[in-house]
Amino acid sequence: EVLGLGPAKTYGKGVFKDVLEVLPGHFLECGSGSCVEHCYWKLESHVHEDGWEETVEKMQYLIEDAVKMQMLSDVPICTFLSGGVDSSLLLKLACDAAKETGKKVYGIYLHTMLHPAKEAKEAQKVAQDLGGIFRVLKLDELEGAGIADNPLDRCYRCKRYLFERIQDEAKVLGVSTILEGTNKDDCQVYRPGIRAVREMGILSPLADAEFTKADVRRLAKEYQISVSDKPSTPCLATRFPYGTPIS
């Protein structure tokens, strides 16, 4: 129970009396009835002398590099490609990273009951423009995920079902690394589907690198990705209150 509560807001201070937290960059050496804390790494600050443009350029490089480092693989990679700006940027970064290994990158699009059919053509164009191999899976998530009655856990059940199908396709393609485009902003709101993604071991490089939606759009525009200004297209089921049957 103590560990489940997580760290306190004040570093080094626990939530229970005499139960303290080991600070970041420290470790404990215990023996002979006592424990000694050692510091092996300390964050140091320095005077920032770079100009604005140089700072932006360096930060952009560091963020991109953080994303691409998660994509280095000696096997093919597949990304969930919705046709939106997040997944399109992710596909772009994955394709760029794959150039260093010569491996294939698949962009898997899901033709589902709850997303506009027109998205498929746009997603295909994005994949072709960026160098990904476009694949389409036609799915009926209302029946497959059992969400036609629009239950409270609809998003979780749907997301899990969809990514299980992507995992099935990935096995056929010989792919062990699957990426999806959740960003940092998505993690700040109620998105139960993200839990399914985490449970299944799907990687979310944009969120892990703390890319916000604004970061995604700015970088997508610099890469001249055709959907950089495309508005988000939420699942159509979100238009109905929970418990409303969907057909």
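Within any chain, residue numbers begin from 1 and follow the written order of that chain's sequence. Two thresholds apply to this predicted model, a pLDDT of at least 70 for residue-level local features and 80 or more for giving and counting side-chain atom pairs, whereas whole-chain, interface and lining totals are computed over all residues. The side-chain values count all of the structure's non-hydrogen atoms but skip hydrogen atoms and water molecules.

Colleague: How should I be thinking about the state of the cysteines in this particular structure?
Modeller: Any covalent bond linking the sulfur atoms of two cysteines counts as a disulfide. Two cysteine sulfur atoms form a disulfide, by the criterion used here, when they sit within 2.5 Å. The full count for this structure, using the stated rule, is one disulfide. In this structure Cys78 is a free cysteine whose sulfur lies 12 Å from that of Cys95, the closest cysteine sulfur available. Taking the relative accessible area as the measure of exposure, Cys78 reaches 0% and is therefore buried. Considering cysteine sulfurs only, Cys158 is the nearest to Cys155, which forms no disulfide, with 7.1 Å between them. Here's how the labels work: a residue is buried when its accessible area is under 20% of the maximum for its type, exposed when over 50%, partly exposed in between, all with a 1.4 Å probe on protein chains only.

Colleague: Can you help me understand the packing of aromatic side chains in this one?
Modeller: To describe a pair of aromatic rings, one takes the distance between the centres and the angle between the planes. Ring geometry is summarised as follows: Phe, Tyr and Trp rings, the Trp one being its six-membered ring, pair when their centres sit within 6.5 Å, and such pairs are stacked at plane angles under 30 degrees, edge-to-face over 60 and tilted between the two. Enumeration according to the criterion identifies three aromatic pairs in this entry. Between Phe27 and Tyr40, the aromatic rings sit 6.2 Å apart at their centres with planes inclined by 40°, giving tilted as the arrangement. Of this pair, Phe27 sits in strand 1 (residues 26-31) while Tyr40 is found in the loop between strand 2 (34-39) and helix 1 (52-69), placing the two residues 13 residues apart along the sequence. Centre to centre, the rings of Phe80 and Phe163 are 5.5 Å apart; their planes meet at 75°, and the pair counts as edge-to-face. Of the two residues, Phe80 sits in strand 3 (residues 77-80) while Phe163 sits in helix 5 (residues 154-173), which places them 83 residues apart along the sequence. Two conditions define a charge located above a ring, namely a distance within 6 Å from the ring centre to NZ of Lys or CZ of Arg, and an angle within 35 degrees of the ring normal. The lysine or arginine in question, Arg195, covers the ring of Tyr156, its NZ or CZ lying 3.9 Å from the ring centre. Counting from the N terminus, the helices are the DSSP runs of H or I reaching at least four residues and the strands are the DSSP runs of E reaching at least two.

Colleague: Looking at this structure, I do not really get the sheet that holds strand 3. What am I missing?
Modeller: At least two bridges found by DSSP between two strands are what make those strands a pair. Strands sit in the order 5-4-3-6 across an open sheet of four strands; the sheet is parallel. The open sheet has two edge strands, strand 5 (133-138) and strand 6 (177-179), and neither has a second partner. Taking the axes of each pair of neighbouring strands and ignoring which way they run, one obtains an average angle of 30° across the sheet. Of the strand pairs in this sheet, strand 3 and strand 6 are connected by three bridges, and their pairing is parallel. Opposite Ile77, over in strand 6, you have Thr177 as the bridge partner. Between the N-to-C directions of two axes lies an angle of 0 to 180 degrees, each axis being a line fitted to C-alpha atoms and, for a helix, fitted only over the stretch in contact.

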